[in-house]
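# Tertiary structure, described
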Amino acid sequence: MPAKPLPELIAFARRNSPFYADLYRDLPERVEHLSQLPLIEQTAFWAANSWPDNRLLTGPLLDGGVYKTGGTTGVPKFSPWSRTEHADSVTAFGAGLVQAGLKPGHRVANLFWAGELYGGFLYIENALHHAPVDNVRLPVGAAPDAYIAGLIEDFGVDVLAGEPMKLSSVAEHLVKHGQVAERIELLLFGGDLLFADLRPILSRAFPNAAVASIGYASVDAGLVGAPVPGDDVRVHEAFPNRTVVELVDDVTGEPITELGVPGRVVVTNLFRTLMPILRYPTGDRAEWVDLERGRFRLVGRSVEGARVGTVAMPTEEIRAVLLAHDPDQVISGMQMVQRRWDGKDGLVLRLGFTEEPPAGLAERLVEAVYRARPLYPDDVAAGVIHDLEVEWVPRAELVTNPRTGKLQQVVDERPPA
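Treat the numbers as computed from the prediction; the structure is a model and nothing was measured. Starting from 1, residues in each chain are numbered consecutively following that chain's sequence as written. Reporting in this predicted model follows two pLDDT cut-offs: at least 70 for local features of residues, and 80 or more for side-chain atom pairs to be given and counted; totals over whole chains, interfaces and linings ignore these cut-offs and use all residues. Processing note: side-chain calculations cover all non-hydrogen atoms of the structure and skip hydrogens and water entirely.

### Notes on helix 5 (residues 120-130)
Our working rule: Summary of the burial criterion: residues with accessible area below 20% of their type's maximum are buried, those above 50% are exposed, and those between are partly exposed, where the area comes from a 1.4 Å probe applied to protein chains only. Under the scheme used here, helices are H or I runs from DSSP no shorter than 4 residues and strands are E runs no shorter than 2 residues, and both carry numbers assigned from the N terminus. Pairs of residues are marked as contacts when any of their non-hydrogen atoms sit within 4.5 Å.
Here helix 5 has its buried residues at G120, F121, Y123, I124, E125, A127 and L128. Where helix 5 is buried, its residues contact helix 4 (83-100), strand 3 (106-110), strand 4 (135-139), strand 8 (216-218) and strand 9 (222-227).

### Comments concerning the nonpolar core
Nonpolar side chains tend toward joint burial in soluble globular proteins. Keep this limit in mind: Working definition of a nonpolar core: buried Ala, Val, Leu, Ile, Met, Phe, Trp, Tyr and Cys residues. They are joined through side-chain atoms within 4.5 Å.
Y20, F45, V224, V265, Y280 and F296 are the most contacted members of the largest nonpolar core, which has 37 residues in total. Every element with two or more residues in this core is listed here: helix 1 (6-16), helix 2 (18-23), helix 3 (42-48), strand 11 (243-248), strand 12 (263-269), strand 13 (280-290) and strand 14 (295-301). A per-element tally of this core places helix 1 first, with 4 residues.

### Comments concerning the packing of helix 4 against helix 5
Counted only if it meets this: In this description, a line fitted to the C-alpha atoms serves as the axis of each element, helices being fitted only across the stretch in contact, and the angle between N-to-C directions of two axes falls anywhere from 0 to 180 degrees. Any angle between 65 and 115 degrees counts as roughly perpendicular, while under 35 counts as roughly parallel, over 145 as roughly antiparallel, and the rest as oblique. Here a crossing is taken to be left-handed if its near helix is turned anticlockwise relative to the far helix by less than a right angle, and right-handed if that turn runs clockwise. Three classes are used: nonpolar for Ala, Val, Leu, Ile, Met, Phe, Trp, Tyr, Cys and Pro, charged for Asp, Glu, Lys and Arg, and polar for all others, with Gly counted as polar.
Taken N-terminus to C-terminus, the directions of helix 4 and helix 5 make an angle of 70 degrees; their axes are 7 Å apart at the nearest point. On the basis of their axis angle, the class for helix 4 and helix 5 is roughly perpendicular. Where helix 4 crosses over helix 5, the two elements pack in a sense that is right-handed. Between helix 4 and helix 5, the contacting residues are H86, S89, V90, T91, F93, G94 and L97 on the first element and Y123, I124, N126, A127, L128 and H130 on the second. Looking at the contact of helix 4 with helix 5, its residues break down into 7 nonpolar, 6 polar and no charged.

### As for the packing of helix 6 (residues 145-155) against helix 7 (residues 164-176)
As a packed pair, helix 6 and helix 7 sit with axes 9 Å apart at the nearest point and diverge in direction by 75 degrees. Judged on the interaxial angle alone, helix 7 and helix 6 are roughly perpendicular. Here helix 6 contributes D145, A146, I148 and A149 to the contact with helix 7, which in turn contributes K166, S169, V170, H173 and L174.

### Structural notes on empty space enclosed by the protein
In plain terms, the rule: Cavity means a closed set of points on a 1 Å grid over the protein atoms alone, one where a 1.4 Å probe fits but cannot get out, pocket means an open set with protein on both sides within 12 Å along at least 5 of 7 lines, and lining means a residue has an atom within 4 Å of a point. Grid points are joined across faces, edges and corners, and a volume is the space filled by probe spheres set on the points.
Inspection of every chain in the model, using the stated rule, returns 1 cavity of 30 Å³ or more. Of the residues in the lining of the largest cavity, the class split is 6 nonpolar, no polar and 2 charged.

### Looking at the layout of surface pockets
Empty space among the atoms becomes apparent when a probe as large as a water molecule is rolled across them. Taken as a whole, the second largest pocket holds about 280 Å³ of empty space. In this structure, the second largest pocket is lined by 17 residues; those nearest its centre are M165, K166, S169, T400 and G405. Considering each element in turn, the lining of the second largest pocket owes the most residues, 3 residues, to helix 7. Broken down by class, the residue content of the lining of the second largest pocket amounts to 8 nonpolar, 5 polar and 4 charged.

### A word on the side chain of N269
Rules: In protein, a polar contact requires one atom able to donate a hydrogen and another able to accept it; more generally it is a pair of N or O atoms within 3.5 Å, and residues adjacent in sequence count only if both atoms are side-chain atoms.
Tracing the backbone through its elements, the reader meets N269 in strand 12. Using a relative accessible area of 0% as the deciding quantity, one classes N269 as buried. Side-chain polar atoms of N269 contact the backbone nitrogen of F271, separated by 3.0 Å. Here R272 takes part through its backbone nitrogen, which lies 3.1 Å from a polar atom of the side chain of N269. Leave out the neighbours within four places in its chain, and N269 touches L9, A221, G222, L223, R242, T243 and I277.

### Thoughts on the pattern of salt bridges
Short version of the rule: What counts as a salt bridge is simple: a side-chain nitrogen of Lys or Arg found within 4 Å of a carboxyl oxygen of Asp or Glu.
A complete count under the given rule lists 25 salt bridges for this structure. In this structure, the salt-bridge partner of R30 is E32, at a minimum N-O distance of 2.5 Å. Using a relative accessible area of 37% as the deciding quantity, one classes E32 as partly exposed. Linking E413 and R339 is a salt bridge whose minimum nitrogen-to-oxygen distance equals 2.8 Å. Taken together, the residues E413 in the segment after strand 20 (410-412) and R339 in strand 17 (residues 331-341) connect sequence positions 74 residues apart. Taking relative accessible area as the criterion, R339 reaches 23% and is therefore assigned partly exposed. Overlapping salt bridges bring together D197, R234, E316 and R319 as one network.

### Describing the packing of aromatic side chains
Heads up, the condition is: Only Phe, Tyr and Trp rings take part, Trp by its six-membered ring, and two of them pair if their centres are within 6.5 Å. Stacked means planes under 30 degrees apart, edge-to-face means over 60, and tilted covers everything else. Comment: the charge-over-ring label is applied if NZ (Lys) or CZ (Arg) is within 6 Å of the ring centre and within 35 degrees of the ring normal.
With the rule as written, the count across this model stands at 10 aromatic pairs. An angle of 70 degrees between the planes, with centres 6.4 Å apart, marks the rings of F353 and W392 as edge-to-face. Of the two residues, F353 is situated in strand 18 (residues 344-353) and W392 in strand 19 (residues 389-394); the sequence distance between them amounts to 39 residues. What makes F353 buried here is its relative accessible area of 11%. Through a chain of ring-to-ring contacts, the aromatic side chains of F19, Y20, Y24, F45, W46 and Y280 assemble into a single cluster. For the cation-ring pair, R272 lies above W81, with the distance from its terminal atom to the ring centre recorded as 3.8 Å.

### Details of the sheet that holds strand 6 (residues 186-189)
Worth spelling out the cut-off: DSSP bridges decide pairing: two strands pair if at least two such bridges lie between them.
Here we have 5 strands laid out as an open sheet, ordered 4-3-5-6-7, and parallel in their pairing. Two strands lie at the open edges of the sheet, namely strand 4 and strand 7 (210-213), each paired on one side alone. Direction aside, neighbouring strands of the sheet carry axes that sit 20 degrees apart on average. Sitting on the sheet, helix 5 is in contact with strand 3 and strand 4, with an inclination near 165 degrees to strand 4. Helix-sheet contacts for helix 7 involve strand 5 (159-162) and strand 6, and the interaxial angle to strand 5 is about 135 degrees.

Now the structure itself:
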C-alpha cells in the first residue's frame, strides 16, 4: 500500500473518523505539518476504539485482522489492521531483519507468544516469510524450555527470536543442565528492551551468538523503527516513507532536535488508514543519535518507575546502580515491588539470580541506591517510608505478564486505598 502524503492522510482521518474529526475540529482546513497536530491522548483514543459503537475507525472492518495489545490490564485494547496494511507492515519489518543479522538459510525458531488475539508470534512469522533472504521458519511459540533446547540440537537451529525473558529462560535451562548451545548464531529479541542484567546468562548459554533487536513495532502503533547494525542494540531508525518518528519533551510536548536529549517517542504511520496513527505516543523514551537519518536510542519506558514517599525511583537508573555494584554479575533480572505495611509505604527490590548471591551483597546494593537517591534515607529517617529491602528470587520467579511473558518492571502490591 503506498503511503499517503501527510496532508491527504490527515484530511482522510478527519473526514472519516469521528474521533479525529472531533480532535481536529479547531485546526485549519488543510494541515501541512505534524507540528500543527496535537499529540494523541491515550485514554480518549482507546475510549473511542470501543466495540461496538466505534468512533475511531475510518470505515467498517470487513477484511483484516484484530489484535490485542500486549501489556494490557483491565479493558482490552483492540487494534484492527486491514489485510493490505498488515502485509505492507510485515514486508517492511522483514526487510529490517537482514539489518539485524538474518542470513540466507538461517533456521529461525520463533518463540514469541501466540493466542488470545496477541499479534507478536504471527507478526514475526509473517515478517520472516516476507524477508528478502531465504530462511527456514520454525513456529515454536512459548513452548517449554526443555523442548526448545532439544529442538536447537535436533533440528540445527541457528537463530532464536523471542521476548528477552523467554530467551533468558531457555538460557537458564541450558546452564542448569550443563549444556551450551554453541551453534546458535543470533538472538533476536523483541517486545521489550533487553536489559544489561540478562546479558551474562545469555552469553553463558549461547557463547557464539550475536544479540540484536528484531525491530521496533507494536500492535497499536504499528511500525516504528528498524534495527541498526552495531553494538548498541537500542538504536533504531524510522522506516523511510512509512513512519515518522518524533521525540518530544516530557513536560512541554515540544519536539526535541538535540542529540542525546531524552524525550517521549511519538510515531505517525503513513500507510495505516483503517485505524489512523497520527502523533501517537508509544510509551517509550529515546534520544536522537543521528537526526538526519532518523536514528534514535531507546532509553526506557516513559512511565516506568516507582514512587515511594517523595522519592522517584526510575527503573533504568536504579538498574544501572545495581549492576555497577554487582561485580560478580549475580543479578539476572530486577523488578520493583511496592508494598504497604504498618501504615507506611515501602519498596522491595526483587532481584533474580541463577547462582546463590554472596553474603552481604544485598546490604551493599541498598547502600549504593541510597547514595544515588539520598532523599530515600532522608524519608526513612523522617518516618515517612520503610527502609529499602532486597528480595532474592530464582530468575524464573520474577513476575511476568502471564500472556506475553514480558517482565513487569513495577509490581504494586499495595491494598486499594
